[in-house]
Amino acid sequence: MAMLWKFMRVARYSKTALPPKIKVRGIPTHSRQSVPSDFAASVPCSNTVELFGKSYPQDDYTNVTEKILSKVGKNLHNKKHHPLWLIKEQVKDHFYKQYTGRRGNPLFSVYDGLSPVVTVQQNFDKLLVPRDHVSRRKEDNYYLNRDHMLRAHTSAHQWDLIHSGLDAFLAVGDVYRRDTIDSTHYPVFHQMEGVRLFSCHELFSSIKDGESLQLFEQGHRTAHKQECHTMEAVRLVEFNLKQVLTKLMTHIFGDGLQVRWVDCYFPFTHPSFEMEINFQGEWLEVLGCGVMEQQLVNSAGAQDKIGWAFGLGLERLAMILYDIPDIRLFWSEDERFLKQFIVPHISQKIKFQPLSRYPPLINDISFWLPTEGYSKNDFYDLARSVGGDLIEKVVLLDEYTHPKTKKVSHCYRIVYRHPERTLTQNEVHRIHQAIEESAVRELGVEGRF
């Protein structure tokens with residue numbers, strides 16, 4: 001699952017924002033070519049990054065690139081008939097119709113235009129992510145500076161929306177993570193966050209003798225509950241969560257869907273689960289979820305409520321449902337791709353017809369690493385900045401340590417393949433040479449070219 005919910009495990013009305021005006025080095029990003037003419041890696045080098053009309057002073061944490069900034073404000077999830085829009089609309093339509101208040105109004109509010117620029121506090125601290133948690137690393141995130149970043153997950157809005165008084169909402173948006181390069185990973189993807197809070201009356205009103213039951217107690221944390229929750233409350237919240245998500249996936253993938261739940265860990269939920277579905281004979285992970293940490297709920301001002309949260313990736317669902325083989329295609333402007341999703345109804349079945357499979361061109365690159373300060377994601381990010389979507393995959397082929405000098409060498413294989421046309425050897429040679437030169441200049445490596 002391409003989302004921070006997954007990464008954490010390892011250690012009714014839409015509001016849409018206008019596209020941002022982005023400036024780095026005083027030049028609007030939208031006026032630049034997507035790949036610089038000399039193919040050199042292009043990174044902000046002035047004292048500020050300007051985004052959505054605000055200036056963010058750079059410091060030692062600033063690592064966002066112009067390539068990434070050029071994606072901000074694209075809002076693919078809000079482009080009508082885009083496959084990500086179709087998935088978002090299906091989920092939104094399901095929640096609107098399935099869950100209504102006493103007057104028939106949608107119970108869940110939907111926010112799909114919240115700014116992707118958040119504070120580190122919003123992205124991590126308010127979600128109870130430990131200070132030393134691996135998910136905070138510069139190697140894995142895009143920081144504007146020490147205090148601001150491009151959100152790594154839509155969970156960054158949980159606290160603020162609860163604090164505003166909401167107790168049932170969906171938050172949808174683009175999220176940003178430095179990651180490996182292959183057909184299922186991209187530094188910008190799209191996520192949906194769901195949150196539902198319950199008062200004591202809401203949770204127990206349909207239960208026989210429910211008026212005698214309580215949400216909270218002073219107990220002990222176990223594998224199945226938090227120390228402050230009663231077992232009765234947790235069981236009902238967990239049941240409701242799994243029922244809601246099972247209905248959602250059945251709505252998207254069809255009746256008869258097999259589902260299973262895998263226990264896992266997230267800092268902001270306990271107990272926590274990953275949901276897997278059996279689709280076309282294969283078990284696939286589709287989302288992460290759990291009972292919200294009460295400390296988070298309390299700090300947001302909802303001390304008398306208990307709730308659940310989930311996070312899912314729109315690309316993940318779209319790739320499964322429509323059989324889209326390459327995540328880069330979601331950014332394509334090729335009519336052969338886009339026209340396949342112009343359908344009269346959002347739930348219409350679509351079987352993606354692949355574009356012509358253009359031949360790959362493969363080149364390797366080897367270099368000695370600097371003594372400190374290098375990470376693989378630094379190289380992946382540089383390769384993306386230089387080669388853009390011409391690069392299909394980057395794989396670390398070999399890691400060698402010199403027996404005498406103890407210097408470490410990496411050899412990477414870069415697979416070049418454009419999703420819409422055939423690349424020439426000369427074109428790839430120029431890009432590959434630019435990657436070599438940029439790696440030496442930007443990362444301090446010693447080339448073995």
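An unreviewed UniProt entry annotates the protein as Phenylalanine--tRNA ligase, mitochondrial of Coturnix japonica. Listed under Subunit (unreviewed entry) in UniProt, the entry text for the protein is "Monomer." Quoted straight from UniProt, the Catalytic activity (unreviewed entry) entry for the protein says "tRNA(Phe) + L-phenylalanine + ATP = L-phenylalanyl-tRNA(Phe) + AMP + diphosphate + H(+)".

### Regarding the pairing of strand S15 (residues 391-401)
Pairing analysis gives 9 bridges linking S15 to strand S16 (residues 408-416), with the strands arranged antiparallel. If you follow Leu396 over to S16, its bridge partner there is Tyr412. In this structure, the hairpin formed by S15 and S16 is closed by a connection of 6 residues, where Lys406 is found at a positive phi of approximately 65°.

### So, the packing of helix H11 (residues 376-387) against helix H12 (residues 425-443)
To describe two helices that pack against each other, one gives the angle between their axes and the distance between the axes. One way to put it is that H11 packs onto H12 with a least axis distance of 10 Å and a crossing angle of 135°. With respect to H12, the axis of H11 lies oblique. In the packing of H11 onto H12, the handedness of the crossing is right-handed. Of the residues in H12, those touching H11 at Asp378, Phe379, Leu382, Ala383, Val386 and Gly387 are Ile431, Ala434, Ile435, Ser438, Ala439, Glu442 and Leu443. Its residues assigned to classes, the contact of H11 with H12 shows 9 nonpolar, 2 polar and 2 charged.

### Side note on the sheet that holds strand S13 (residues 306-313)
If you trace the 7 strands from one edge of the open sheet to the other, you get S5-S8-S9-S13-S12-S11-S10, paired in mixed fashion. Every other strand in the sheet has two partners, leaving strand S5 (109-111) and strand S10 (258-266) as the edge strands with one partner each. Looking at each pair of strands side by side, their axes are set apart by 25° on average, direction ignored. Relative to S13, strand S9 (residues 188-198) runs antiparallel, the two sharing 8 bridges. By the bridge assignment for S13, Val195 is matched with Ala309.

### Some remarks on helix H3 (residues 83-98)
For H3, with 16 residues, the first-to-last C-alpha span of 22 Å sits near the 22 Å given by 1.5 Å per residue. Most of H3 is tucked away, with 13 of its 16 residues classed as buried.

### Section: the nonpolar core
Phe95, Leu150, Met249, Phe253, Leu312 and Ile324 are the most contacted members of the largest nonpolar core, which has 75 residues in total. Ranked by residues supplied to this core, first place goes to helix H7 (residues 231-253) with 10 residues. Dropping the residues within four chain positions of it, Leu150 is found in contact with Leu51, Val64, Ile68, Val72, Pro116, Val117, Tyr142 and Tyr176. In this structure, Tyr143, Ala156, Val195 and Cys264 belong to the second largest nonpolar core, which totals 26 residues.

Thresholds, definitions, all that
Residues numbered from 1 in each chain as written. Predicted model: local features only at pLDDT ≥ 70, side-chain atom pairs only at ≥ 80, totals over all residues. Heavy atoms only, no water. UniProt positions renumbered as here; feature names shortened; annotations may be inferred. Pairing = 2+ DSSP bridges. Helix = DSSP H or I, 4+ residues; strand = E, 2+ residues; numbered from the N terminus. Axes fitted to C-alpha atoms, helices over the stretch in contact; angles between N-to-C directions. Parallel < 35°, antiparallel > 145°, perpendicular 65-115°, else oblique. Left-handed = near helix turned anticlockwise from the far one by under 90°. Contact = heavy atoms within 4.5 Å. Nonpolar A, V, L, I, M, F, W, Y, C, P; charged D, E, K, R; others polar. Expected span 1.5 Å × (residues − 1). Buried < 20%, exposed > 50% of the residue type's maximum accessible area, 1.4 Å probe, protein only. Core = buried A, V, L, I, M, F, W, Y, C linked by side-chain atoms within 4.5 Å.

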